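Okay, here's what each chain looks like letter by letter:
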Amino acid sequence: MIASDLSTLPQPPTRPGNGHLQDWALSPLPLIEDGARRARAAEMDLFRLRLGIPAVVGFSPAWNRRLLGDLDTFRSAGGFSAVVPYLAGGVILTDAPLHRRRRQTINPSFGKKHLETLRARTQAALPPIPDGEFDALAWADSAVLRLLNAAYFGGEFDSQLLHSFLAPLRRPFPVPALPRPLLFVRVDAELRRLATRRLTQGGDDLLAVLAPVPGGLEEARVSLAAAHDTTTHALAYAVWHLANHPQWHTPEHHSAVLKETLRLHPPGWMGSRRLSRELDWNGIRLPRGTLALYAPYLSARDPQLWDDPQEFRPQRWERKPPAWAYLPFGGGERLCLGMHLAQMLILDVLSALPPLRAFSGDDTPVPGITLGPRGPLVVARQS
Ligand code: HEM
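Residues numbered from 1 in each chain as written. Predicted model: local features only at pLDDT ≥ 70, side-chain atom pairs only at ≥ 80, totals over all residues.

### Concerning the overall build of the protein
Line of reasoning, step 1. In terms of regular secondary structure, the protein is built from 14 helices and 12 strands.
Line of reasoning, step 2. Each principal axis of the C-alpha atoms in the protein carries an extent, and together these give about 65 × 50 × 40 Å.
Line of reasoning, step 3. For the protein, buried positions account for 42% of its 383 residues.
Line of reasoning, step 4. Residue pairs in contact within the protein that sit at least 24 positions apart in sequence constitute 71% of those at least 6 positions apart. (Helix = DSSP H or I, 4+ residues; strand = E, 2+ residues; numbered from the N terminus. Buried ≥ 20, exposed ≤ 12 C-beta atoms within 10 Å, placed from the backbone. Contact = placed C-beta atoms within 7 Å.)

What follows is the structure in structure tokens.
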């Protein structure tokens, strides 16, 4: 069979002059939902986007599995992370064959065994839960900053500097993509100061394990950037769901609540790669250099794979999810480095929360570098 051209793929309607760029920048969720609907109607698992370079979005388990499993063909270095200085470095931009060795070096620091040794410290760092009404999004933001400071640096990183470093990531594009050389110099100096202390006096936080590794300080900086908004948004949504569905607010249900939160609102809503060679996907010829996207948001809401996908139903987690359809932490060798850390921090926070009720809020998912609620999400202790 002769493979067809990319132009035969379904695509959402374009706008004159800019293809999909405007919709991609202003409202990407309706755009990709439309693309997925058209692809499903054509019995395909891929649709095309016109973003100035050849681009495709796939959402089927088969596509996810291939993209996440074939690191030679699907390269990270040409993806979106490369244009965000915060994420353009360390393991995130390292491709095969070096990637595997890099992950093997740093995985143990973020493994369950090491994290368990940090747990008492992160639990103690949790800020108090306010007495009256409070915005769960703003509270999660500052709580995660403190928890990460405790896990990485035993709470010793200048908290104002950490806040200034991470704040631009949450702003709409192009703010996170702007170079910030002076800020990065200050952050790197603080990292070196704390690393030197650990190398000379010892320590057991994440920085103490990363400090002796070549490139370890860059890994600390890049992974902090990958950690903060993702964990904040997941926590804020989880608190909001608990406040709206208080019957699920028991320690034995929290794991299912977190899974369901991440299914409906995956902070990593879209992942990107570039094709290092031409690829034939089900008879469609994808040229070398194509921007290849996978979409945890679409896969986790696909009506062909999930019952009532738009509903918050933690009970669905009594059964295993469909394979390669639930990817809030990605998958394969590039599975999120901080998955266990994020889960530990969030679950510990949920068990420390009193019974809550929801007051008012705007939980509309807003996709930026990560997907988060528009907010505020006002909740209060149940009296
Ligand atoms: C709920 C919180 C989090 C979510 C939803 C999340 C999501 C993700 C996703 C979807 C990926 C794969 C991206 C891709 O395939 O392109 C990823 C990778 C990554 N995450 Fe997370 N993440 C979270 C927390 C964290 C934390 C706490 C850290 C801190 C270590 C972290 C560090 C990383 C790094 C370094 C990578 C790149 C791994 C590689 O390419 O080998 N993440 N994350």
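### A word on the environment of His-99
Line of reasoning, step 1. Of note, His-99 is situated in helix α5 (residues 98-106).
Line of reasoning, step 2. For His-99 and His-163, which are 64 residues apart along the polypeptide, the C-alpha to C-alpha distance reads 30 Å.
Line of reasoning, step 3. With near-sequence residues (within four places) excluded, His-99 lies in contact with Leu-71, Val-91, Thr-94 and Glu-333.

### Considering the nonpolar core
Line of reasoning, step 1. In terms of nonpolar packing, the biggest core is built from 98 residues, with Leu-207, Ala-238, Val-239 and Ala-295 touching the most fellow members.
Line of reasoning, step 2. With 15 residues, the single largest contributor to this core is helix α11 (residues 216-244). (Core = buried A, V, L, I, M, F, W, Y, C linked by C-beta atoms within 7 Å.)

### As for the site of the ligand
Line of reasoning, step 1. In the neighbourhood of the ligand, 23 residues make up the surrounding shell, with Gly-268, Gly-271, Gly-330, Cys-336 and Gly-338 lying closest.
Line of reasoning, step 2. Residue assignment for the shell around the ligand shows that the elements contributing at least two residues are α4 (90-93), α11 and α14 (339-352).
Line of reasoning, step 3. Here the shell around the ligand gets 6 residues from one element, more than from any other, and that element is α11.
Line of reasoning, step 4. Looking at the shell around the ligand residue by residue, the class counts come to 14 nonpolar, 7 polar and 2 charged. (Near = placed C-beta within 6 Å. Nonpolar A, V, L, I, M, F, W, Y, C, P; charged D, E, K, R; others polar.)

### Details of the sheet that holds strand β4 (residues 134-135)
Line of reasoning, step 1. As summarised here, the arrangement of the 3 strands in space is β4-β12-β9, forming an open sheet in which the pairing is antiparallel. The strands lining the two open edges of the sheet, one partner per strand, are β4 and β9 (356-361).
Line of reasoning, step 2. Bridging between β9 and strand β12 (residues 377-381) involves 5 bridges; their strand directions are antiparallel. Of the residues in β12, the one forming a bridge with Gly-361 is Leu-377. (Pairing = 2+ DSSP bridges.)

### A closer look at the sheet that holds strand β1 (residues 46-50)
Pairing between sheet strands relies on hydrogen bonds along the backbone, with the strands arranged either parallel or antiparallel.
Line of reasoning, step 1. The sheet built from 5 strands is open, its strands ordered β1-β2-β8-β5-β3 with mixed pairing. Two strands in the sheet have a free side with no partner beyond their single neighbour: β1 and β3 (74-75).
Line of reasoning, step 2. Sheet topology places strand β5 (residues 271-275) next to strand β8 (residues 291-294); 4 bridges connect them, and they run antiparallel. Across the sheet, the residue bridging to Gly-271 is Tyr-294, located in β8.
Line of reasoning, step 3. In the packing of helix α2 (residues 28-41) onto the sheet, the strands contacted are β1 and β2 (54-58), and the crossing angle to β1 comes to about 140°.
Line of reasoning, step 4. Lying over the sheet, helix α3 (residues 61-69) contacts β1, β2, β3, β5 and β8, oriented at roughly 120° with respect to β8. (Axes fitted to C-alpha atoms, helices over the stretch in contact; angles between N-to-C directions.)

### What about helix α8 (residues 159-166)?
Line of reasoning, step 1. What α8 keeps buried is the set Leu-162, Phe-165 and Leu-166. For α8, the arc enclosing every buried residue in end-on projection is 85°, short of the 170-degree limit, so these residues lie on one face.
Line of reasoning, step 2. For α8, the elements touching its buried residues are α7 (136-153), α9 (181-201) and α11. (Arc of directions from axis to C-beta.)

### Regarding the packing of α8 against α9
Line of reasoning, step 1. Their axes nearest at 10 Å, the elements α8 and α9 cross at an angle of 140°. When the axis of α8 is compared with that of α9, the two are oblique. Crossing of α8 against α9: the hand is left-handed. The residues of α9 that touch α8, namely those facing Leu-161, Ser-164 and Phe-165, are Leu-183, Arg-186, Val-187 and Glu-190. (Parallel < 35°, antiparallel > 145°, perpendicular 65-115°, else oblique. Left-handed = near helix turned anticlockwise from the far one by under 90°.)

### Points about the pairing of β8
Each regular strand shows side chains that alternate between the opposite faces of the sheet.
Line of reasoning, step 1. A two-sided burial pattern is seen for β8, the buried positions comprising Leu-291 and Leu-293 on one face and Ala-292 and Tyr-294 on the other.
Line of reasoning, step 2. The pairing of β2 with β8 spans 4 bridges and is classified as parallel. For Val-56, the partnering residue across the bridge sits in β8 and is Ala-292.

### Concerning the pairing of β5
Line of reasoning, step 1. Along β5, 4 of the 5 residues are buried, which leaves the element largely enclosed by surrounding structure.
Line of reasoning, step 2. Note: β3 against β5, 2 bridges, orientation antiparallel. If you follow Arg-75 over to β5, its bridge partner there is Arg-274.

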